[in-house]
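Coordinates in review
Now for the letters of each chain:
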Amino acid sequence: MPECWHDVTPEQADQLAAFRDLILEWNRKFNLTALRDSESIEGRLIAESLRLAPFVPKRSGLRTIDIGTGAGIPGLPLAILRPDTHFTLVDATGKKVRFIEMAIGELGLSNVTAIHDRSELLAHDPGHREHYDLGVARAVTQLAALAEFMLPFLRVGGQALLPKGDGLSAELTLAQTAIEILGGTLKSADLLSQVSCCGVTR
């Protein structure tokens, strides 16, 4: 069990283990993730999600969006740890959204909504544009592009948590330009990149 799992309650640990098992089961039917064993899913997908938890404010009613969530990473593990926060998980692949909807039911989560849509289209919906306090996403694409997708969802003063591993420094110049054009500011840049949105302009 990865070290960061030790900070969760027994009930949360059971939910996280059940989520891991659901990923393994559904991965046999179609490609949710390239990771195929329990250890990799625990150590990478779930553990990487849990490392964001200290940066998610413990505030009832916080609205969080996870774009390009795939198999529900990092949104579903964070929703397990933060039951007072509502999470909206967005993905453009219908099969992945159906998996998330199934997982929400199986895990008994009442604080998660799954949406099948492209984030760049959903960002024009008045019900979602500038609506969220926090945005999260696995930074699998360039930070500049991810900032363009994410910032329109954030209210004034909202933040985005964009974890990025190797190669972060090479992307920062382009990312910072994109962030500033969209009315945001780069709050920190290390292994956990945080973008603080000070107002979204179009």
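Refer to the preceding data block for the structure.
Presented here is an overview of the structure given in this document. Computed from a predicted structure; not experimentally measured.

Focus: helix 2 (residues 38–50)
- Regarding helix 2, the residues found buried are Ile41, Glu42, Leu45, Ile46, Ala47, Ser49 and Leu50.
- For helix 2, the side-chain oxygen to backbone nitrogen distance between the N-cap and glutamate 39 is 3.2 Å, and the N-cap itself is aspartate 37.

Comments concerning the pairing of strand 4 (residues 132–136)
- Counting buried positions along strand 4 gives 5 out of 5 residues, so the element sits mostly inside the fold.
- By the bridge criterion, 3 bridges tie strand 1 (residues 63–67) to strand 4 in an arrangement that is parallel. Its bridge partner lying in strand 4, aspartate 66 is registered against valine 136.

Quick word on the pattern of salt bridges
- Under the definition given, this model contains 7 salt bridges.
- For the salt bridge of aspartate 21 with arginine 20, the shortest nitrogen-to-oxygen distance reads 2.9 Å.
- Between glutamate 48 and arginine 138 there is a salt bridge, with its nearest N and O atoms 3.6 Å apart. Residue glutamate 48 is found in helix 2, and its partner arginine 138 is found in the loop between strand 4 and helix 6 (143–150); the two are separated by 90 residues along the sequence.
- By relative accessible area, which is 30% here, arginine 138 ends up partly exposed.
- Through salt bridges with shared partners, a single ionic network connects Arg59, Arg63, Asp133 and Arg155.

A few points about helix 1 (residues 10–27)
- With 18 residues, helix 1 ought to run about 26 Å at 1.5 Å a step, and its terminal C-alpha atoms sit 26 Å apart, in line with that.
- Turning to helix 1, its buried residues number three or more, namely Gln12, Ala13, Gln15, Leu16, Ala17, Phe19, Arg20, Leu22, Ile23, Leu24, Trp26 and Asn27.

A closer look at the nonpolar core
- Of all hydrophobic cores here, the largest spans 40 residues; its most connected members are Phe19, Leu76, Phe99 and Val112.
- Of all the secondary structure elements, the ones that give two or more residues to this core are helix 1, helix 2, helix 3 (75–81), strand 2 (86–91), helix 4 (94–107), strand 3 (112–116) and strand 4.
- The element that contributes the greatest number of residues to this core is helix 1, accounting for 7 residues.
- For phenylalanine 19, the contacting residues outside a window of four places in its chain are Ile46, Ala71, Gly72, Ile73, Leu76, Pro77, Phe99 and Leu107.
- Grouped together as the second largest cluster of nonpolar side chains are 21 residues, Leu122, Met150, Leu154 and Ile179 included.

Structural notes on unusual backbone geometry
- A cis amide bond links isoleucine 73 to the next residue, proline 74, at an omega of 5°.
- In this structure, proline 74 sits in the loop between strand 1 and helix 3.
- Look at glutamate 130: it is not a glycine, yet its phi comes out positive at around 50°.
- Looking at the element boundaries, glutamate 130 is found in the loop between helix 5 (119–122) and strand 4.
- Classification of glutamate 130 as partly exposed rests on a relative accessible area of 37%.

Cut-off values and rules
Throughout, a residue's number is its position along its own chain's written sequence, starting from 1. Whole-chain, interface and lining totals are the exception, using all residues; otherwise, since this is a predicted model, local features are given only for residues with pLDDT of at least 70 and side-chain atom pairs are given and counted only at 80 or more. By convention in this description, side-chain values take in all heavy atoms of the structure and omit both hydrogens and water. Throughout this description, buried means an accessible area under 20% of the type-specific maximum (1.4 Å probe, protein chains only), exposed means over 50%, and partly exposed covers the range between. Comment: elements are numbered from the N terminus, with helices defined as DSSP H or I runs of at least four residues and strands as E runs of at least two. Throughout this description, a polar contact denotes any pair of N or O atoms lying within 3.5 Å of each other; where both atoms belong to protein, one of them has to be capable of donating a hydrogen while the other can accept it, and for residues adjacent in sequence the pair is counted only when both atoms sit in side chains. Here a strand pair is declared whenever DSSP counts at least two bridges between the two strands. In what follows, salt bridge is the name for a side-chain nitrogen of Lys or Arg lying within 4 Å of a carboxyl oxygen of Asp or Glu. The span one expects for a helix is its residue count, reduced by one, times 1.5 Å. We define the nonpolar core as a collection of buried residues of types Ala, Val, Leu, Ile, Met, Phe, Trp, Tyr and Cys that are connected through side-chain atoms lying within 4.5 Å of one another. Note on contacts: a residue pair qualifies if any of its non-hydrogen atoms lie within 4.5 Å across the two residues.

Just geometry here; none of it tells us what the structure is for.
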